[in-house]
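Results of the structural survey
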Amino acid sequence: MQKSFIKELEANVLTEDGNSKTFLVPSKRERLAVKIDKDVLKRLSDKRKLEHMLKNLIKMNSKSTTEETININKRNFRIFI
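Everything in this summary refers to the structure shown in the same document.

If you look at the biggest cluster of nonpolar residues, it comprises 19 residues, and the most contacted ones within it are Leu-54 and Ile-72. Elements represented by at least two residues in this core include exactly α1 (5-11), β2 (20-25), β3 (31-37), α3 (47-60), β4 (67-72) and α4 (77-80). Element by element, the count of residues in this core is highest for α3, at five residues. Those residues in contact with Leu-54 that sit more than four places away from it in its chain are Phe-5, Leu-9, Val-25 and Val-34.

Given below as structure tokens:
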């Protein structure tokens, strides 16, 4: 049985501090790390929105990029939705 995208994401927490969590996004194209503020995670309580946002990020990134860290906070999270 295949793991769902969100379960893989939650299993790949790189770091966690008081304000944010950093996830390693499951992708074969590149090593993409996403740092999301915890208040934004509360707003994205619907897992489908989070999954849609991350899959769009994977699509938008350049094919020549091999590693990237993206910071998502309350000021810029609407850009990614």
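What follows continues from the structure just given.
Looking now at the side chain of Asn-76. Structurally, Asn-76 is set in the loop between β4 and α4. Taking relative accessible area as the criterion, Asn-76 reaches 18% and is therefore assigned buried. Reaching out from Asn-76, the side chain makes a polar contact with the backbone oxygen of Asn-71 at a distance of 3.2 Å.

Criteria and cut-off values
Residues numbered from 1 in each chain as written. Predicted model: local features only at pLDDT ≥ 70, side-chain atom pairs only at ≥ 80, totals over all residues. Heavy atoms only, no water. Core = buried A, V, L, I, M, F, W, Y, C linked by side-chain atoms within 4.5 Å. Buried < 20%, exposed > 50% of the residue type's maximum accessible area, 1.4 Å probe, protein only. Helix = DSSP H or I, 4+ residues; strand = E, 2+ residues; numbered from the N terminus. Contact = heavy atoms within 4.5 Å. Polar contact = N/O pair within 3.5 Å; in protein donor to acceptor, adjacent residues only side chain to side chain.

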